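A look at the structure
The primary structure of each chain is shown beneath.
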Amino acid sequence: MPDTEVSKLHDDEVDIDTHLVRRLLADQFPQWAHRPVRYVTGSGTDNATFRVGDDLSVRLPRTPRTTGQVEKDLAWLPRLAPHLPLAVPEPVAAGAPTGDYPFTWGVYRWLDGAPFDLAHLDDPRTAAHQLAGFVQRLQQIDTTGAPTPADSPYSRGTPLAPRDALFRDAADQLRADVDTGRLLAAWDQALAADTWTGPPRWIHGDLMAGNILVTGGRLTAIIDFATACAGDPAADIMPAWWLFEGPARQAFRDALQPDDHLWVRARGWALSLAVIALPYYRAGLSPDAVHDRITYIDALLADV
């Protein structure tokens, strides 16, 4: 099987390919070294994922700032899993840094399923209720000792205000693509709702299509808990716009019953992630992908 090199998305990203994964397995977990290794395309911006045989996967952080997830998964996923209505990753082992690869990396059980796609669902409203049920159950889990969001404008579960300068700078770079007057008005509305006065709650933080698996027309698993922590629950309302539309979006909202401030703040988070990311990733995107992201921003603004 030919080696597959992972395309880099960040300036500080290390070199990762299938040959590296084979060497790491041979050196540290020889019981799995004979298995075929295949890169999982679209495996994420923070980690590169490889399937190892039929029932395992290997995840490697791409950059220094995305390290620490394996240790977090080993500590928390076994505690969270029994309380949740959908499957979550099962960490099997942690690999040590080497001269070839400088970060801790992880081996996990492989979870079958296709990434979330409305076209593959039996009923989007049923999927909305399933995901809302997952979010509700996660929020009910005791947060004693849970990780908290880092003091960074990029951390999910935190206030929006620290993202203000980043948002306005990105909006200025998108003047040729979007109506910046409407964009900034929507952002100001979200900032006005930027208060969470309740106790921190468990959040996944990244319930995007690639992290939600579908089998047989229904949701079956949630993966990638890198951003999971105890924080503002607005982070897990963002799937209302990331995933759903029309009646399914309303079904998700009805099931969760967020107050208006929580809903507007969540929409502001979804908007800020899209706006801030587009100039950052634009150089590596195809014209069609850029168009899709601009269309998504316009759809968010239409919902204001």
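All of these numbers come straight from a predicted model, not from anything done at the bench. The residue numbering used here restarts from 1 in each chain and proceeds along that chain's sequence as written. Confidence filtering applies because this is a predicted model: local features only for residues at pLDDT of at least 70, side-chain atom pairs given and counted only at 80 or more, and all residues used for totals across whole chains, interfaces and linings. By convention in this description, side-chain values take in all heavy atoms of the structure and omit both hydrogens and water.

Some thoughts on the nonpolar core
- Among the buried residues, those of types Ala, Val, Leu, Ile, Met, Phe, Trp, Tyr and Cys that are joined through side-chain atoms within 4.5 Å form a nonpolar core. Each residue is assigned to one of three classes by its accessible area relative to the maximum for its type, calculated with a 1.4 Å probe on protein chains only: buried under 20%, partly exposed between the two thresholds, exposed over 50%. By size, the foremost hydrophobic cluster in this structure holds 67 residues, and its most contacted members are L131, F134, L183, L219, F244, L271 and I297.
- Labels follow the DSSP assignment, with helices taken as runs of H or I lasting at least four residues and strands as runs of E lasting at least two, numbered in each case from the N terminus. A total of 11 residues in this core trace back to one element, the largest contributor, which is helix α8 (residues 260-281).
- The contact definition used throughout considers only heavy atoms, calling two residues in contact when any of these lie within 4.5 Å. Contacts of L131, omitting those with residues within four sequence positions, involve L207, I212, L219, I222, P239, L243, F244 and F252.
- With 21 residues, the next largest nonpolar core counts V14, A48, V52 and Y101 among its residues.

A closer look at the sheet that holds strand β1 (residues 37-39)
- Two strands qualify as a pair provided DSSP detects at least 2 bridges between them. Read across the open sheet, the five strands follow the order β1-β2-β3-β5-β4; overall the sheet is antiparallel. The open sheet has two edge strands with one neighbour each: β1 and β4 (91-95). In this sheet, adjacent strand axes meet at a mean angle of 25° when their direction is disregarded.
- Relative to strand β5 (residues 105-109), β4 runs antiparallel, the two being bridged by four bridges. Bridge assignment links G95 to a residue of β5, and that residue is W105. Whenever a helix is involved, its axis is fitted only over the stretch in contact; in every case the axis is a line through C-alpha atoms, and angles between N-to-C directions fall within 0 to 180 degrees.

Side note on helix α7 (residues 246-256)
- Along α7, the residues that are buried comprise A248, R249, A251, F252 and L256. The buried residues of α7 all sit within an arc of 160° when viewed along its axis, so they share a single face.
- Looking at the buried residues of α7, the elements they touch are α3 (124-140), α6 (239-242) and α8.
- Directly beyond the C-terminal end of α7, a positive phi value near 55° is found at Q257. Here the arc refers to the directions that run from the helix axis out to each C-beta atom.

What to know about the pattern of salt bridges
- Here, a salt bridge means any side-chain nitrogen of Lys or Arg that lies within 4 Å of a carboxyl oxygen of Asp or Glu. Taken as a whole and assessed by the stated rule, the structure comprises 16 salt bridges.
- Ionic pairing is found between D206 and R156, a salt bridge with its closest N-O pair at 3.3 Å. Of this pair, D206 sits in the loop between β7 (201-203) and β8 (212-215) while R156 sits in the loop between α3 and α4 (164-173), placing them 50 residues apart in sequence. Each of the two residues, D206 as well as R156, counts as buried.
- Here R253 makes a salt bridge to D260, at a shortest N to O gap of 3.2 Å.
- Beyond isolated ion pairs, a larger network of salt bridges with shared partners links D164, R168 and D188.

A look at the packing of helix α5 (residues 180-192) against α8
- The N-to-C vectors of α5 and α8 enclose an angle of 135°; their axes lie 8 Å apart at closest approach. The pairing of α5 with α8 is recorded here as oblique in orientation. As for the relative orientation of α5 and α8, their crossing is left-handed in sense. Of the residues in α8, those touching α5 at L183, A186, W187, Q189, A190 and A192 are H261, V264, R267, G268, L271, S272 and V275.
- Residues are grouped as follows: nonpolar covers Ala, Val, Leu, Ile, Met, Phe, Trp, Tyr, Cys and Pro; charged covers Asp, Glu, Lys and Arg; every other residue, Gly included, is treated as polar. Grouping the amino acids of the contact of α5 with α8 by side-chain chemistry returns eight nonpolar, four polar and one charged. Roughly parallel means an angle under 35 degrees; roughly antiparallel means over 145; roughly perpendicular covers 65 to 115; every other angle is labelled oblique. Each crossing gets its handedness from the near helix: less than a right angle anticlockwise from the far helix is left-handed, clockwise is right-handed.

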